[in-house]
Amino acid sequence: MATSTISTAPANAVRPLIEQVAIDLVHRIYGAEGPAWGTRLTAIEDTILAVRQVLSEKMLDEALQRQANTAEKRPPEFRCRSTCGTEVVATKEPEPRIVATRAGDAEWMEPETTCRKCRRAFFPSEQELGP
Ligand SMILES: [Zn+2]
């Protein structure tokens, strides 16, 4: 069986779960006997790449949404874009954010926040994501 090294500790910690999910997905897609005889390897490859894309984008969405949900509880060094350290408050309804990443498009809802001291409005994720 092919094994690859997962390069991050968080991913390595859930490797057994990932492997079980992979087994479950193959069962759901191809059944107990696997792909029908005559199925081209490239067709299996395309299906697996499509599953990987959905999994990657869903994980990005979920991780960034969970972080955005804590926008008002950010540590001081992440509070204000101008790093004044002042608490920020959510000032508008959450808006959709879409960012292209190496793992696919990330989409989540994020509240615009305002720094009370600087009177500047911004989306909290902007300083981590960079230009
Ligand atoms: Zn500020």
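Coordinates for the structure precede this section.
Description of the structure in this document. (Residues numbered from 1 in each chain as written. Predicted model: local features only at pLDDT ≥ 70, side-chain atom pairs only at ≥ 80, totals over all residues. Heavy atoms only, no water.)

## Quick word on the sheet that holds strand β4 (residues 113-115)
In a beta sheet, neighbouring strands are held together by backbone hydrogen bonds and run either parallel or antiparallel to one another. Basically, it comes down to this: Any two strands with at least two DSSP-identified bridges between them are counted as paired. A helix here means a DSSP run of H or I that spans at least four residues, while a strand means a run of E at least two residues long, and both kinds are numbered starting from the N terminus. Axis lines are fitted through C-alpha atoms, for helices just across the contact stretch, and the angle between N-to-C directions can take any value from 0 to 180 degrees.
Taken together, the three strands give an open sheet; going across it, the order is β1-β4-β5, and neighbouring strands pair in antiparallel fashion. The two strands at the open ends of the sheet, each matched to only one other strand, are β1 (88-90) and β5 (120-122). Between one strand axis and the next, the sheet turns through 30° on average, direction left out of account. In the sheet, β1 pairs with β4 via three bridges, with the strands oriented antiparallel. Opposite Val88, over in β4, you have Cys115 as the bridge partner.

## A look at the pairing of strand β2 (residues 95-101)
As judged from the seven bridges shared by β2 and strand β3 (residues 104-110), these two strands associate in the antiparallel manner. Following the sheet pairing, Arg97 is matched in β3 by Trp108. With antiparallel pairing between neighbouring strands as the criterion, β2 and β3 make up a hairpin whose turn holds two residues.

## Re the nonpolar core
Our working rule: Each nonpolar core is a collection of buried residues, namely Ala, Val, Leu, Ile, Met, Phe, Trp, Tyr and Cys, held together in the definition by side-chain atoms within 4.5 Å. Each residue is placed in one exposure class: buried if its accessible area under a 1.4 Å probe, protein chains only, is under 20% of its type's maximum, exposed if it is over 50%, and partly exposed if it falls in between. Note on definitions: a residue-residue contact is assigned when non-hydrogen atoms from the two residues lie within 4.5 Å.
Counting residues in hydrophobic clusters, the biggest one holds five residues: Leu60, Leu64, Ala68, Ala106 and Trp108. Those elements giving two or more residues to this core turn out to be α3 (41-68) and β3. Sorting elements by how many residues they give to this core places α3 first, with three residues. Residues contacting Ala68, with those up to four places away along its chain left out, are Trp108, Met109, Glu110 and Pro111.

## Topic: the environment of Glu57
The line we're drawing: Distance and chemistry together define a polar contact, namely a pair of N or O atoms within 3.5 Å, with one atom able to donate a hydrogen and the other to accept it when in protein, and with adjacent residues in sequence counting only for side-chain atoms on both sides.
Relative to the helices and strands, Glu57 resides in helix α3. When the C-alpha atoms of Glu57 and Glu107 are compared, they prove to be 8.1 Å apart, with 50 residues separating the residues in sequence. Apart from the residues lying within four places of it in its own chain, the contact partners of Glu57 are Ala103, Gly104 and Asp105. A polar atom in the side chain of Glu57 sits 3.0 Å from the backbone nitrogen of Asp105.

## Re the pattern of salt bridges
Defined as follows: Any Lys or Arg side-chain nitrogen located within 4 Å of an Asp or Glu carboxyl oxygen qualifies as a salt bridge.
Counted by the stated rule, this structure contains three salt bridges. Of the charged contacts, one joins Glu19 and Arg15 as a salt bridge, the two residues approaching to 2.8 Å between their closest N and O atoms. Taken together, the residues span about one helical turn, with Glu19 and Arg15 both in helix α2 (residues 15-30) at a distance of four residues. Of the residues examined, Glu19 reaches a relative accessible area of 35% and is grouped as partly exposed. Two residues, Arg66 and Glu62, come together in a salt bridge whose shortest N-O distance is 2.7 Å. Of this pair, Arg66 and Glu62 both sit in helix α3, separated by four residues, roughly a single helical turn. Take Arg66: its relative accessible area is 55%, and that puts it in the exposed class.

## Regarding the environment of Lys92
Its place among the elements puts Lys92 in the loop between β1 and β2. In this structure, the C-alpha to C-alpha distance between Lys92 and Ala121, residues 29 residues apart in sequence, is 9.8 Å. Excluding residues that lie within four positions of it along the chain, Lys92 makes contacts with Pro111 and Glu112.

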